[in-house]
Amino acid sequence: MSGSGRWEVEDLALRDRRARSFGAAAAAYDAHRPDYPLAGLRWALEPLGSTDVRVLDLGAGTGKLTGVAVAAGARVTAVEPDEGMRAVLRERHPRVPALTGTAESIPLPDNSMDAIVAGQAFHWFDLPRSFPEFARVLRPGGVLAAFWNDHDDSVEWVAAFDRLRQSSASFPPANPEPDLPTHPLFTSFTKSVFAHSQSRTAESLTATIATHSHALVIPESEREAILGRLTDFLRSRPETSSGTFEMPLRTTVIRATAI
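In this convention, every chain numbers its residues from 1, walking through the sequence in written order. Under the rules for a predicted model, residues below a pLDDT of 70 receive no local features and side-chain atom pairs below 80 are neither given nor counted, while totals for whole chains, interfaces and linings still include all residues. To get the side-chain values, all heavy atoms of the structure are used, and hydrogens and water are removed first.

*Asks:* It is not clear to me how the side chain of Arg 237 should be interpreted in this structure. Could you clarify?
*Replies:* Structurally, Arg 237 is set in the loop between helix 10 (220-236) and strand 7 (245-257). Buried means the residue's accessible area, taken with a 1.4 Å probe over protein chains only, is under 20% of the maximum for its type, while exposed means over 50%, and partly exposed covers the values in between. On the accessibility criterion, Arg 237 (16% relative accessible area) is buried. Here a strand is any run of E in DSSP of at least two residues, a helix any run of H or I of at least four, and the numbering for each starts at the N terminus.

Put into structure tokens, the structure is as follows:
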């Protein structure tokens, strides 16, 4: 079985620090991270033939993907390990059950979900331990889908911005065409990419970067220096210097079904 393939990380201690960094910044995460395109969620659930289904948002964070699934008509349960993130999720989506748990130990009965979705979380999961849990919780034919929002670096200024935001805790560049994960309990994964965007200002885009895990674990002096140069860059560019602009994003979605 292969992993997500997005990051090949040798420093497992740094990976663990980054994975656990979000709770203290939960309010900022909720305020500044983008949501996901409804079209991507509908594509993920397409094998089920309906969006009126039982969906588990796993590693749900503050509920960025939860809200999209609710808007699509799904009956959503959220599972999130971090107390701070879970508290914001409950405030944002008070009607959605928000449970404590992890991908490796999901607090739900066998065959209880039609779909499991994960937004910006799948790469943190211990996949050898998680895949049997996914298969246990899903009904036969149920969908497993993972979502990632990335900057659209085919846009010149976005590529330049991304070069400036690297820190001492950044991982090596991801393989642009990573291997899709595989597991004998699931069909082969397929992938689709959706255009997306987020309305930002120079200040709010910099604040978004401040919620990224690499920026949360570095020394404050390095963090301030990076955020300062990002703000200066955005204020210097005609595309981003005056008020609100659309940050170009690409949303990658992969899906498979339980056998």
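Here the narrative resumes, following the displayed structure.
*Asks:* Any chance you could explain the pattern of salt bridges here in plain terms?
*Replies:* A side chain with one charge may pair with a side chain of the opposite charge, provided their charged atoms come close. Salt bridges, as used here, are contacts in which a Lys or Arg side-chain nitrogen is within 4 Å of a carboxyl oxygen on Asp or Glu. Going through the model one piece at a time under the given rule, you end up with 15 salt bridges. Among the salt bridges present, the one from Asp 52 reaches Arg 75, with a minimum N-O distance of 3.4 Å. Of this pair, Asp 52 sits in the loop between helix 3 (38-45) and strand 1 (54-58) while Arg 75 sits in strand 2 (residues 75-79), placing them 23 residues apart in sequence. Residue Arg 250 is joined to Asp 152 by a salt bridge in which the shortest nitrogen-to-oxygen separation is 2.9 Å. Of this pair, Arg 250 sits in strand 7 while Asp 152 sits in the loop between strand 5 (138-151) and helix 7 (156-164), and the two are 98 residues apart along the sequence. If you follow the salt bridges from partner to partner, you end up with Asp 30, Glu 91 and Arg 92 in one network.

*Asks:* Just checking my understanding: could you explain helix 4 (residues 64-71) for this structure?
*Replies:* Since the α-helix advances by 3.6 residues per turn, residues separated by three or four positions end up pointing in the same direction. All buried positions along helix 4 are accounted for by Lys 64, Leu 65, Thr 66, Val 68 and Ala 69. Positive backbone phi, at 100°, marks Gly 73, one or two positions downstream of helix 4.

*Asks:* How should I be thinking about the nonpolar core in this particular structure?
*Replies:* General note: in soluble globular proteins, nonpolar side chains tend to be found buried as a group. Membership of the largest hydrophobic core comes to 27 residues, with the highest contact counts inside it found for Trp 157, Phe 161, Leu 205, Leu 230, Phe 233, Leu 234 and Met 247. Of all the secondary structure elements, the ones that give two or more residues to this core are helix 2 (26-32), helix 5 (83-92), helix 7, helix 8 (202-209), helix 10 and strand 7. Looking at this core, the element that brings in the most residues is helix 10, giving 5 residues. Ignoring any residue separated from it by four or fewer positions in sequence, one finds Trp 157 in contact with Leu 205, Phe 233, Leu 234, Arg 237, Glu 239, Thr 240, Phe 245, Met 247 and Pro 248. Side-chain atoms within 4.5 Å are what join buried Ala, Val, Leu, Ile, Met, Phe, Trp, Tyr and Cys residues into a set we call a nonpolar core. Whether two residues are in contact is decided by their heavy atoms: any pair within 4.5 Å suffices.

*Asks:* What is the right way to read the environment of Gly 243 from this model?
*Replies:* Looking at the element boundaries, Gly 243 is found in the loop between helix 10 and strand 7. Using a relative accessible area of 45% as the deciding quantity, one classes Gly 243 as partly exposed. Spatially, the C-alpha atom of Gly 243 lies 5.7 Å from that of Thr 201, the residues being 42 residues apart in sequence. Residues in contact with Gly 243, not counting those within four places in the same chain, are Arg 200 and Thr 201.

*Asks:* Can you help me understand the sheet that holds strand 4 (residues 113-119) in this one?
*Replies:* Adjacent strands of a sheet form backbone hydrogen bonds with each other and so pair up, either parallel or antiparallel. In this analysis, strands are considered paired if DSSP registers two or more bridges between them. Ordered by their spatial adjacency, 7 strands build an open sheet running 3-2-1-4-5-7-6, and the pairing between neighbours is mixed. Only two strands of the sheet have a single neighbouring strand rather than two, namely strand 3 (98-99) and strand 6 (190-200). Relative to strand 3, strand 2 runs parallel, the two being bridged by 2 bridges. Its bridge partner being in strand 3, Ala 78 is matched across the sheet by Ala 98. Strands strand 1, strand 4 and strand 5 of the sheet are contacted by helix 6 (residues 127-137), whose axis makes an angle of about 125° with strand 5. Here an angle of 0 to 180 degrees is reported between the N-to-C directions of two axes, which are lines fitted to C-alpha atoms, with helices fitted over the stretch in contact. The sheet contacts of helix 7 involve strand 5 and strand 7, and relative to strand 7 the element is tilted by about 80°.

*Asks:* Can you help me understand unusual backbone geometry in this one?
*Replies:* Backbone phi values are negative for most residues with the exception of glycine, while trans is the configuration of most peptide bonds. For Asn 111, which is not glycine, the phi dihedral falls at a positive 55°. For Asn 111, the position within the fold is in the loop between strand 3 and strand 4. The backbone of Gln 120 shows a phi angle near 60°, a positive value even though the residue is not glycine. Along the chain, the position of Gln 120 falls in the loop between strand 4 and helix 6.

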